[in-house]
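Residue-level listing of the chains:
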Amino acid sequence: MKRIISLIISLFSVVAVSAQVECEDTCSHIHGIDISHYQGNVFWEAVGDNSKMAYVYLKATEGGDNVDSKYKENIDLAHRYGLKVGSYHFYRARIPQETQLRNFMAQCRPGDQDLIPMIDIETRSGLGAQEFSDSIFKFLVLVEQAYKQKPLIYTGANFYDANFQHKLDDYKIMIAQYTVREPVLRDGRDITIWQYTGKGHINGINGHVDKSRFMRDHQLREIRFRHR
C-alpha cells in the first residue's frame, strides 16, 4: 500500500512539473513578453535573470489621455536589468489621431527605446470598415513621421482577417493566437512575431503574463529602434 501511495505521489509530482514547462523551455525561438499595470509590481531583477526572455514590450498609453500607471517604473527597471525594451499604444479609433500621438510621444521617448514602437489594434470602436481603415492608417502615418520608422502592428488573428487582409504588407506584425498551432492568416502574409499565450508564467511576475516568440527565421534586429 505504501508503495502504491508513493507511486501516486511521484506521478502527481511529474504532472505538476510538466505543467510548468513553458514554450521557451522546449524550443530555440527568440522569446519575449509584454507588460502593463495589470501585472502589478514586477520583480525585474528576476525577469532579467531569465536568459530566455530577450525583449519586453511595455504598455505606455491608450487613447487620448490614458497613461499606464506602471510605465515609467517598468521601463526604467527593465533597462536596468538588461532587457531590450519597446513601448506600445492601445489605439482607440474614435479619438483624434493627433491627440493619441501626443499622448504616446509624451511617454514613449525615442532615447528610451531599444525596439520600434508597437500599435495595439483590437477594436473598431463601432466604426464602419472604411471609416476604421481611414482612421488607423492616418494614425500609422503620423507615428512613422514622428519616429522616423514604421511601427510594429499588434492584433489578433481573427481581427486581422476581418479588417487588414492585404493592407499591412509594409508593416511587421505581431499576431495574437492562443492555440498550439502557429497562426496562418487568410491572405498568407508573413508574421514576424506570434503572441502564443496570455497565461504564461515567469519568475518575477505574479500571475499570468503574455508571451510571444519570433516566427521561423525572424530576428530581434528586425524590430530594433533606429536612432538617427
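Residues numbered from 1 in each chain as written. Predicted model: local features only at pLDDT ≥ 70, side-chain atom pairs only at ≥ 80, totals over all residues. Heavy atoms only, no water.

Our focus in this paragraph is the environment of W194. With respect to the helices and strands, the residue W194 is situated in strand 8 (residues 193-202). Since its relative accessible area comes to 4%, W194 is described here as buried. Discounting residues that sit within four places of it in the chain, W194 has contacts with I175, Q177, T179, V180, R181, E182, P183, K211, S212, R213 and M215. (Helix = DSSP H or I, 4+ residues; strand = E, 2+ residues; numbered from the N terminus. Buried < 20%, exposed > 50% of the residue type's maximum accessible area, 1.4 Å probe, protein only. Contact = heavy atoms within 4.5 Å.)

Moving on: the nonpolar core. Ranked by internal contacts, the top residues of the largest apolar core, which has 48 residues, are I35, W44, V56, I119 and I121. No other element matches the seven residues that helix 6 (residues 129-147) contributes to this core. Ignoring sequence-local partners within four residues, the contact set of I119 consists of H89, Y91, F104, F139, L140, V143, P151, L152, I153 and Y154. With 14 residues, the next largest nonpolar core counts Y55, I116, M118 and I223 among its residues. (Core = buried A, V, L, I, M, F, W, Y, C linked by side-chain atoms within 4.5 Å.)

Another aspect to go through is the pairing of strand 9 (residues 205-214). Judged from the four bridges that link them, strand 1 (residues 31-35) and strand 9 form a sheet pairing that is antiparallel. If you follow G32 over to strand 9, its bridge partner there is S212. Bridging between strand 8 and strand 9 involves six bridges; their strand directions are antiparallel. Counted as the bridge partner of I202 is I205 from strand 9. (Pairing = 2+ DSSP bridges.)

On to helix 4 (residues 71-80). Along helix 4, the residues classified as buried are Y71, N74, I75, L77 and A78. The secondary structure elements touched by the buried residues of helix 4 are strand 1, helix 3 (44-48), strand 2 (53-62), strand 4 (84-90) and helix 5 (97-107). Within two residues after helix 4, G82 carries a phi angle of roughly 90°, on the positive side.

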